[in-house]
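Descriptive analysis of the structure
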Amino acid sequence: AIAFDGKAVLVTGAASGIGRAAALSFAREGARVAVSDVDAAGGEETAATIRQAGGEAVFIRADVSKSLDVQALVAGVVERYGRLDCAFNNAGIEIEHRPLAEADEATFDRIMNVNVKGVWLCMKYEITQMLAQGGGVIVNTASVAGLVGAPTQPIYAASKHAVVGMTRTAAAEYGRAGIRINAVCPGIIRTPMMDRAIEREPRRAKAMEKVHPIGRLGEAQEIANAALWLCSDSASFVTGHQLAVDGGLTAI
Ligand code: NAD
């Protein structure tokens, strides 16, 4: 444990999948972790797993689409750890499986609220804290759907393009203030989110592997590794970047 020794790190969407893998990894590297999610049972379990392994973690429940929740979340991290060095804004949802003209308004609002407003609210309060303490690092989870189109997921794709746009803009706005802000863009990763998608359409499983030149799905740990690198001092000159971790999906 060297890279994040004593650093205060917040991970949202940390009850499951990519966020859980990242929270466990930050803790293994010595970070004091604030585990957050709207799912209290799953989040408490992630925090308990970290503590059982000898790490430091606290669970703070928050719905990232709710301003008061996010404000209280960042305040809770600072109350507990005194500062906020790194934030991995990873909470997100993926609920569509139909072309654009068949999408409904409620789905649009829900996806935008969590994926776009959620990342904006998190950045808003995290950056406020980071300005007050003199710097910090943020990584947002976008997607390959934030870089190229995603048939049957038009709203999800729009939401992730928005995450990329906010990431680039905020990086430009706050670079001189000592805050680095990047996005990680996963390909198709084996997580509970993807298991649910495969359950809905079992025949797609094989096709999903084939979209990656590497010939398999990604693992949550492979995205966590990228998020940790972007947060680390090894990436000290990297900001405003969208790092595709996609087995080559967007290379072709
Ligand atoms: P997951 O469903 O396993 O985990 C997502 C977590 O986010 C869950 O624990 C969920 O409770 C939480 N969450 C959902 N809405 C929330 C809210 N309003 N407030 C707080 N927490 C909330 O999914 P995952 O695959 O680990 O996805 C993590 C991120 O990676 C998401 O942003 C997703 O869009 C993105 N992503 C996933 C894939 C993939 O193939 N799995 C690909 C590209 C991008």
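Residues numbered from 1 in each chain as written. Predicted model: local features only at pLDDT ≥ 70, side-chain atom pairs only at ≥ 80, totals over all residues.

The chain goes by SDR family oxidoreductase in an unreviewed UniProt entry, where it is assigned to Noviherbaspirillum album. We quote the UniProt Sequence similarities (unreviewed entry) comment for the chain here in full: "Belongs to the short-chain dehydrogenases/reductases (SDR) family." (UniProt positions renumbered as here; feature names shortened; annotations may be inferred.)

Attention shifts here to the pairing of strand β5 (residues 136–141). In terms of burial, β5 is largely enclosed, as 6 of its 6 residues are buried. Neither face of β5 is left uncovered, since the one carrying Gly136, Ile138 and Asn140 and the one carrying Val137, Val139 and Thr141 both have all their residues buried. Sheet topology note: the strand β4 (residues 86–89)/β5 ladder contains 4 bridges and is parallel. Note that in β5 the partner of cysteine 86 across the bridge is valine 137. Bridging between β5 and strand β6 (residues 179–186) involves 6 bridges; their strand directions are parallel. (Buried ≥ 20, exposed ≤ 12 C-beta atoms within 10 Å, placed from the backbone. Helix = DSSP H or I, 4+ residues; strand = E, 2+ residues; numbered from the N terminus. Pairing = 2+ DSSP bridges.)

Take unusual backbone geometry next. Even without being glycine, threonine 152 reaches a positive phi, approximately 75°. Relative to the helices and strands, threonine 152 is located in the loop between β5 and α5 (154–174).

Across a sheet, paired strands are connected by hydrogen bonds in the backbone, their directions being either parallel or antiparallel. Across the sheet, which stays open at both edges, the 7 strands sit in the order β3-β2-β1-β4-β5-β6-β9 with parallel pairing between neighbours. This sheet does not close on itself; its edge strands, each paired only once, are β3 (56–61) and β9 (242–245). Averaged over neighbouring strand pairs, the angle between their axes works out to 20° when direction is ignored. In the packing of helix α1 (residues 17–28) onto the sheet, contacts are made with β1 (8–12), β2 (32–37), β3, β4, β5 and β6, and the angle to β1 comes to roughly 170°. Sitting on the sheet, helix α8 (residues 220–231) touches β4, β5, β6 and β9, and the angle it makes with β6 is about 165°. (Axes fitted to C-alpha atoms, helices over the stretch in contact; angles between N-to-C directions. Contact = placed C-beta atoms within 7 Å.)

Let us now look at the site of the ligand. As a structural note, the neighbourhood of the ligand is formed by 30 residues, with Gly13, Gly17, Gly92, Thr191 and Met193 the closest of them. Mapped by element, the contributors of at least two residues to the shell around the ligand are α1, α4 (105–133) and α6 (192–200). Split into classes, the residues belonging to the shell around the ligand amount to 13 nonpolar, 13 polar and 4 charged. (Near = placed C-beta within 6 Å. Nonpolar A, V, L, I, M, F, W, Y, C, P; charged D, E, K, R; others polar.)

This paragraph deals with the nonpolar core. Core analysis: the largest hydrophobic core is formed by 76 residues, its most contacted members being Val9, Val11, Ala22, Ala23, Phe26, Val33 and Ala227. At 10 residues, the largest contribution of residues to this core is made by α4. Contact partners of valine 33, with chain neighbours within four places excluded, come to Val9, Val11, Ala23, Phe26, Ala27, Ile50, Gly55, Glu56 and Ala57. (Core = buried A, V, L, I, M, F, W, Y, C linked by C-beta atoms within 7 Å.)

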